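In case you want the letters, here they are:
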Amino acid sequence: MKPLGLHEIRSAFLDYFEQNEHLALPSFSLVPQGDKSLLLIGAGMAPMKKFFTGEAEPPAHRVCTSQKCIRTGDIENVGKTDRHATFFEMLGNFSFGDYFKREAIHWAWGFLTDVLEIDPNLLWATVYLDDDEAYAIWNEEIGLPKERIVRLGKDDNFWELAVGPSGPCSEIYFDRGEKHGCGDPDCKPGCDCDRYIEVWNLVFTQFDKDEEGEYHPLSNPNIDTGMGLERIASVLQDANNIFEIDAIHAILEDICAMADYEYGTDKKKDESVRVITDHIRAITFMISDSIVPSNEGRGYVERRLTRRAAKHGRNLGIEGAFLYKLCESVIDSWKVQYKELDDNREVIARVILREEERFLKT
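Throughout what follows, the structure given in this document is the object of discussion. (Residues numbered from 1 in each chain as written. Predicted model: local features only at pLDDT ≥ 70, side-chain atom pairs only at ≥ 80, totals over all residues. Heavy atoms only, no water.)

**So, the environment of Gln67**
Thought 1: The topology assignment puts Gln67 in strand β2 (residues 62-70).
Thought 2: Gln67 sits in the buried class, given a relative accessible area of 0%.
Thought 3: In sequence terms Gln67 and Met45 are 22 residues apart; their C-alpha atoms lie 8.6 Å from each other.
Thought 4: Setting aside anything within four residues of it in sequence, one finds Gln67 in contact with Ser27, Phe28, Ser29, Ile41, Ala43, Gly44, Pro47, Phe88, Glu89 and Met90.
Thought 5: For Gln67, the side chain forms a polar contact with the main-chain nitrogen of Phe28, separated by 2.9 Å. (Helix = DSSP H or I, 4+ residues; strand = E, 2+ residues; numbered from the N terminus. Buried < 20%, exposed > 50% of the residue type's maximum accessible area, 1.4 Å probe, protein only. Contact = heavy atoms within 4.5 Å. Polar contact = N/O pair within 3.5 Å; in protein donor to acceptor, adjacent residues only side chain to side chain.)

This is the structure:
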């Protein structure tokens, strides 16, 4: 495997799909545009729903993105586990009525094995139970052995909304080895242990689901893929969790320097370091997209994250406001892809400082 840094992986992904005639779009804002059903963008395809439904004409019928995302459903687990985060980037390639399963599978395999140089013998695929077409592409064209193709049911390998575009999906898994497994000789993707890590989900949007739950074939099927940037970086860097990835670990080290604390010496303090490491990325990006602290909606999410991070700073013995300084670490690292962070540097720091000062008074 190529030991690429997080920012190098993002660049390689976009370059690869540009070479395959995709238009590389900049990340959409975290604030949904013209979509009142969402509070924040939490998936790569979310800003492009109208392109999938045909309500709007896409700028190209093949596009790729690295989309900034916020999810707070598992906020209480952030810092406690190796994988939960509120902010992440989702790499994706999309087809709006252009290519379909064959191309999506071949390009995904090519990026993982040729560009990232992941050993093909460590990769598995899952397909929807009755998706014989995807199964045949993996087996007969890619050459993946049958024993490394797993058929899973609707809960695992079918993507759908209550009403609208839906379809089966195929997930690609990386085998981390027996040391991460459960000991079951039949262990494979779908098991709850930590041996197999999902790195990429290829969604084959081929149906339109109506209000009665009936699935009608789309005249122009679409492709929607998603690969967590932090997830694939942890694979390439042989990191046990997202906090060991190069760019993210650099923030963690800055926090430890501020707290004069040696990471790994106290479980509760380690949790606080991880919470701050995650939350500072989220609030930096949110403020850059004009989300400011308030008591409702998106502003409440931002305020909660800022104050939660500040509270964990107290747990580390950090006195006074500090997050407004720490955002500089995020901006200096991520501005390579997100120029708006650098453009909004002073505003971001000022908004964070003001909210920290309010919190300190309480």
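**Describing a negative patch on the surface**
Thought 1: On the surface, Asp82, Asp194, Asp238 and Glu244 cluster together into a patch of negative charge.
Thought 2: In this structure, Glu244 sits in the loop between α6 (229-236) and α7 (246-259).
Thought 3: We classify Glu244 as partly exposed; its relative accessible area is 38%. (Patch = residues over 30% accessible without salt bridge, like charges linked within 9 Å, V, L, I, M, F, W, Y side chains within 5 Å. Areas by Shrake-Rupley, 256 points an atom, 1.4 Å probe, with all protein chains shown as cover. Salt bridge = Lys/Arg side-chain N within 4 Å of Asp/Glu carboxyl O. Lys, Arg positive; Asp, Glu negative; His and termini not counted. Charge placed at Lys NZ, Arg CZ, Asp CG, Glu CD.)

**A short note on the pairing of strand β5 (residues 149-152)**
Thought 1: Examined bridge by bridge, strand β4 (residues 123-128) and β5 share 4 bridges and lie parallel to one another. Paired with Val127 across the strands is Arg151, a residue of β5.
Thought 2: A crossover connection joins β4 to the parallel β5 through helix α4 (residues 132-142); in handedness this β-α-β unit is right-handed. (Pairing = 2+ DSSP bridges. Right-handed = clockwise from strand over helix to strand, strands pointing away.)

**Brief notes about the nonpolar core**
Thought 1: By size, the foremost hydrophobic cluster in this structure holds 90 residues, and its most contacted members are Leu112, Trp138, Trp200, Ile232 and Trp334.
Thought 2: In terms of residue count, the dominant contributor to this core is helix α8 (residues 267-288) (8 residues).
Thought 3: With near-sequence residues (within four places) excluded, Ile232 lies in contact with Ile9, Leu112, Leu116, Ile118, Val199 and Met227.
Thought 4: Counting 9 residues, the second largest nonpolar core, distinct from the first, contains Met48, Phe52, Phe94 and Phe96. (Core = buried A, V, L, I, M, F, W, Y, C linked by side-chain atoms within 4.5 Å.)

**Here's the deal with the packing of helix α1 (residues 6-19) against α6**
Thought 1: Between α1 and α6, the least distance of the axes is 10 Å, while the angle of their chain directions is 115°. Between α1 and α6, the angle is such that the two are roughly perpendicular. For α1 against α6, the interelement crossing comes out right-handed. Judged by residue contacts, Leu6, Ile9 and Arg10 of α1 engage Leu229, Glu230, Ile232, Ala233 and Leu236 from α6.
Thought 2: Split by residue class, the contact of α1 with α6 holds 6 nonpolar, no polar and 2 charged. (Axes fitted to C-alpha atoms, helices over the stretch in contact; angles between N-to-C directions. Parallel < 35°, antiparallel > 145°, perpendicular 65-115°, else oblique. Left-handed = near helix turned anticlockwise from the far one by under 90°. Nonpolar A, V, L, I, M, F, W, Y, C, P; charged D, E, K, R; others polar.)

**Here we look at α1**
Thought 1: In this model, α1 (14 residues) spans 20 Å end to end at C-alpha, consistent with the 20 Å of a helix rising 1.5 Å per residue.
Thought 2: Here α1 has its buried residues at Leu6, His7, Ile9, Arg10, Ala12, Phe13, Leu14, Tyr16 and Phe17.
Thought 3: Of the residues trailing α1, Glu21 is marked for its positive phi of about 65°. (Expected span 1.5 Å × (residues − 1).)

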